[in-house]
Amino acid sequence: MKTKKLWSIILTFALVLSFVPAYADTGLDVGSKINGFTLYETGKCTLFGAETYMFNHDKTGAKLLYIANDDVNRSFDISFHTPGENTGISHVFEHATLNGSEKYPANVFFNVSYETINTYMNASTSMKYTSFPLSSISDEQLLKLADYYLDAVFNPLLLTDKDIFNQEAWRYELKNPDDELKLNGTVYSEMKGATTPYARAYYNALGTLYPGSNTSVIFGGDPDIIPSLTYENVVKYHENYYCPSNSLVILYGKVDLEKYLNLIDGYFSEYTDTKPKIDDKNYTPISGNIEKTFTMQAVQNTGNIAYYMIPCDVKNDEDIFDLNLCARFLNTYSSELMQNLKNALPHVGVSAGVELTQGVVPTLIISASNLQEGEHNVFKQTVQSSMESMSKNGISDEITDSFLASVEREFLMIPESSGNKGLSVIENVLALWSIKGDEQSYFDYLEYIQNLDSKKLNERCTNLIKKYFANPDTSVLTVNVADTSIADKNEEELAKKLADIKSKMSKEEIENIVKATNSSPDTSKNASVTEKINVSTVDVLKKDLESYKPKEYPYSDNEEDGVRYLTAESPVEGIGICSLYLDVSGLSDEQLLYLNLMDSLSAEFGSDKHTQAELYNRVIRYFGGGCSLLVTDDDTLYMVYNATVLDDDLKTMYDVLYEWIYEIQYDDIDYLKSLVDAYINSWESSVLNENIIISRAKAQKDKKTAYYDFMGGLNYYEFLKQLRQKL
């Protein structure tokens, strides 16, 4: 490969350095009974080298999925179907349940997470379920942690201790009797920060799309509504939804199955088969073409945000898989939809996705941000004309082939998408379980992807576009206009409301709030409770670390014509990773800023050989990666091009990479001006983003952060403004 002045090159190529776990031989047959469970279905997932076993708990009807292989980074999860409410009740309970239980009566979550042999400990709330996942390289430790979590979800101290609710949900605070009354609480404070303009815009869209549905609520909790939640509500919520028959347990990896089933049966057997009825009785599907405009709270002018949504009444699994893949295809940069939107609205950020939630109509959702007044009409018209064109003229085979290649790369890399394979599998199983109610849907989806070909994909996407997206009978367009005055008004109204509440409090009530505000949590039991959960000893740790030791693979390190080649192999078929490191440390400050701009512009222009659309489609087809800046420990600055490559595409990938780096023509000045304008607007709209502010602060003391801040911070903004004046 040709080198350029000031750029030294390191080229690395590696087949993925990991392993696919081997199948675990359990000797189990359908009908086998173990510790209160009966095995009723088996399967196989070759991608993870796993056998799958579905168990039914005899007394409660609860389901348990065991994904058995030889992976020693084992995982356990228990999840519950939990309908969301604007009060954030499911989110509050997720936090509160880990504040201690009957068997482990202390709030030791962080003690346990830092002091035990775990590789992951957390809990999460989503639209339709709450999950409590764990991972450990020690089977003995994972079993103990599973006991800790099971006791927490079934026997939480929350049920008898209202102080836990006050801490995690919401409470009044007064440090001194004469202070202004304040609202606080873990979930309340978290959601005040999480309810961004983009989040509010999305929930406005869902509320219009799914009127009356619990799918349209802010399931994490609306800060304006969280204070209406009562302790009694939460206790009742636990009684309704935290029962075995409403749960799914997932075990992954090399575990002592009988011990886990015995542990789980001990908790489940306290219950009967009383699965709660979870419905969406207030939801009424919409009809016709609806348009609504909202005013959204914003701390700065973010531009308008619009959502255009088309319901698709698909029913069976394959149609849902098709819809998901079609939405992903439409979201690719080279799709006709994205190309037309880019040309019509070059300064606007657009994306396409799909809302798949159990109980409501699946829906294609296309979003646009940074719209100016009136541009939502152009947005909708461009989407409609693009859909009509694809319906009439079909989809390019070349674009479909490129997309399928990206899907194939993603499929082959699924086991490597996370360092914690078990957690990755569990997350995907739960996502489809929450949509379909089927514990095995994820494995069906993997098989569906594996059997796709370009022709089949093209036909399915075209059929969906014709049937649902072109000239739809039902659609929703929501436009959200930013208003920076709303936040101040809301804070003023809240302060007045709290002042009125305080004025009606008795002296005793105020004293109790002051006392609670200034009290410290009781941690006297933390050490002893943590010790009960921690199985770590020198011998146990040594044994577990030895079993977890990754296999080492040989590699070569050669140099030729000024290029250093690092190559390694591993037993993964069909795919590899290629990284090209260009040393750009010798560039001047101005050249580095131009380099950063070139990186941003590289997807927007073509070369002498290919148009912009053709070249970017080739990048998607053969490259499967991107470029970024990297500062190493010795302060060397690299521009790094990372590619995930199918084996048969390697030679072509090098040609595409060369064209992408060296042969792009940035010669359309008018288009260049519009892009620079868009970058300036984007920077101005994000200048108050907390990550940018933190980066600028860290850059004062950290050389690596200083590099990144220089390339993308205020210096880059000033560079763009000066460049715009020159163009």
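For the structure itself, consult the block above.
Described below are features of the structure shown in this document.

Conventions used here
Residues numbered from 1 in each chain as written. Predicted model: local features only at pLDDT ≥ 70, side-chain atom pairs only at ≥ 80, totals over all residues. Heavy atoms only, no water. Helix = DSSP H or I, 4+ residues; strand = E, 2+ residues; numbered from the N terminus. Rg over C-alpha atoms; globule rule 2.2 N^0.38 Å. Buried < 20%, exposed > 50% of the residue type's maximum accessible area, 1.4 Å probe, protein only. Areas by Shrake-Rupley, 256 points an atom, 1.4 Å probe, with all protein chains shown as cover. Lys, Arg positive; Asp, Glu negative; His and termini not counted. Charge placed at Lys NZ, Arg CZ, Asp CG, Glu CD. Core = buried A, V, L, I, M, F, W, Y, C linked by side-chain atoms within 4.5 Å. Contact = heavy atoms within 4.5 Å. Axes fitted to C-alpha atoms, helices over the stretch in contact; angles between N-to-C directions. Parallel < 35°, antiparallel > 145°, perpendicular 65-115°, else oblique. Pairing = 2+ DSSP bridges. Salt bridge = Lys/Arg side-chain N within 4 Å of Asp/Glu carboxyl O. Polar contact = N/O pair within 3.5 Å; in protein donor to acceptor, adjacent residues only side chain to side chain. Expected span 1.5 Å × (residues − 1). Phe/Tyr/Trp six-rings, centres within 6.5 Å; stacked < 30°, edge-to-face > 60°.

Quick word on the overall build of the protein chain
Secondary structure summary: the protein chain contains 26 helices and 22 strands in total. Relative to the compact-globule value of 27 Å for 727 residues, the protein chain shows a C-alpha radius of gyration of 28 Å, a close match. Taking all 727 residues of the protein chain together, 53% fall into the buried category. With an accessible surface of roughly 33,500 Å², the protein chain has 47% of that area assigned to carbon and sulfur atoms. The average position of the 64 basic charges and that of the 106 acidic charges among the side chains of the protein chain differ by 2 Å.

Comments concerning the nonpolar core
Counting 93 residues, the largest nonpolar core has F55 and F76 as the members making the most contacts within it. Apart from the residues within four sequence positions on either side, F76 is in contact with F132, P133, L134, L142, A146, L150, V249, I250, L251, I264 and I426. Of all hydrophobic cores here, the second largest spans 69 residues; its members include A50, A306, I310 and C312.

Observations regarding the packing of helix α3 (residues 139-154) against helix α8 (residues 257-268)
Remark: α3 packs on α8, axes separated minimally by 11 Å, with the N-to-C direction vectors making an angle of 10°. The orientation of α3 with respect to α8, classified from their angle, is roughly parallel. Contact residues: D139, L142, L143, A146, D147, L150, D151 and F154 in α3; K259, Y260, L263, I264, Y267 and F268 in α8.

What to know about helix α1 (residues 89-96)
An α-helical segment advances 3.6 residues per turn. Residues three or four places apart therefore align on the same side. The buried count for α1 comes to 8 of 8 residues, which makes it a mostly enclosed element. Restricting attention to buried positions, one finds in α1 the residues I89, S90, H91, V92, F93, E94, H95 and A96.

Section: the sheet that holds strand β13 (residues 289-297)
Pairing is mixed in the open sheet, where 5 strands are placed in the order β13-β17-β14-β16-β15. Unpaired on one side and paired on the other, β13 and β15 (349-355) mark the two borders of the sheet. For this sheet, the mean angle separating the axes of adjacent strands, direction not counted, is 15°. Relative to strand β16 (residues 363-371), β15 runs antiparallel, the two being bridged by 7 bridges. Counterpart to G353 in the pairing with β16 is I365. Each of β13, β14 (304-311), β15, β16 and β17 (475-483) is contacted by helix α6 (residues 197-209), which is oriented at about 30° to β14, the strand it contacts most.

Some words on the side chain of K128
With respect to the helices and strands, the residue K128 is situated in the loop between β8 (124-125) and β9 (129-136). For the buried K128, no salt bridge exists, and the shortest N-O distance to an oppositely charged side chain is 4.3 Å, to D280. A polar contact of 3.3 Å, which involves the side chain of K128, links it to the side chain of T215. Look past the residues within four positions of K128 in its chain and what remains in contact with it is F80, H81, T82, N214, T215, D280, T357, Q358 and S434.

Comments concerning unusual backbone geometry
Despite not being glycine, N35 has its phi angle at roughly 45°, a positive value. Not every positive phi belongs to a glycine, and D561 is a case in point at roughly 55°. Within the secondary structure, D561 sits in the loop between β18 (555-560) and β19 (563-568).

Side note on α8
If you check α8, its first and last C-alpha atoms are 16 Å apart, about what 12 residues at 1.5 Å a residue would give, namely 16 Å. Looking at α8, one finds that the buried residues are L257, Y260, L261, L263, I264, D265, Y267 and F268.

A few points about the packing of aromatic side chains
Tallied over the entire structure, the rule returns 34 aromatic pairs. When the ring of F329 is compared with that of F403, the centres are 5.6 Å apart and the planes differ by 70°; the resulting orientation is edge-to-face. One end of the pair, F329, is in helix α9 (residues 317-330); the other, F403, is in helix α12 (residues 397-413), and 74 residues separate them in sequence. Accessibility assignment for this pair places F329 and F403 in one class, buried. Through a chain of ring-to-ring contacts, the aromatic side chains of F37, F80, F93, Y104, F132, Y148, Y149, F154, Y242, Y267, F268 and Y271 assemble into a single cluster.

Focus: the pattern of salt bridges
In the structure shown here, the tally under the stated rule is 23 salt bridges. The partner of D256 in a salt bridge is K259, with the nearest N and O atoms 3.9 Å apart. In this structure D256 comes out as partly exposed when scored by relative accessible area, which is 31%. The shortest N-O distance in the salt bridge between K651 and D655 comes to 4.0 Å. Here K651 pairs with D655, and both are found in helix α22 (residues 650-662), just 4 residues apart, close to one helical turn.

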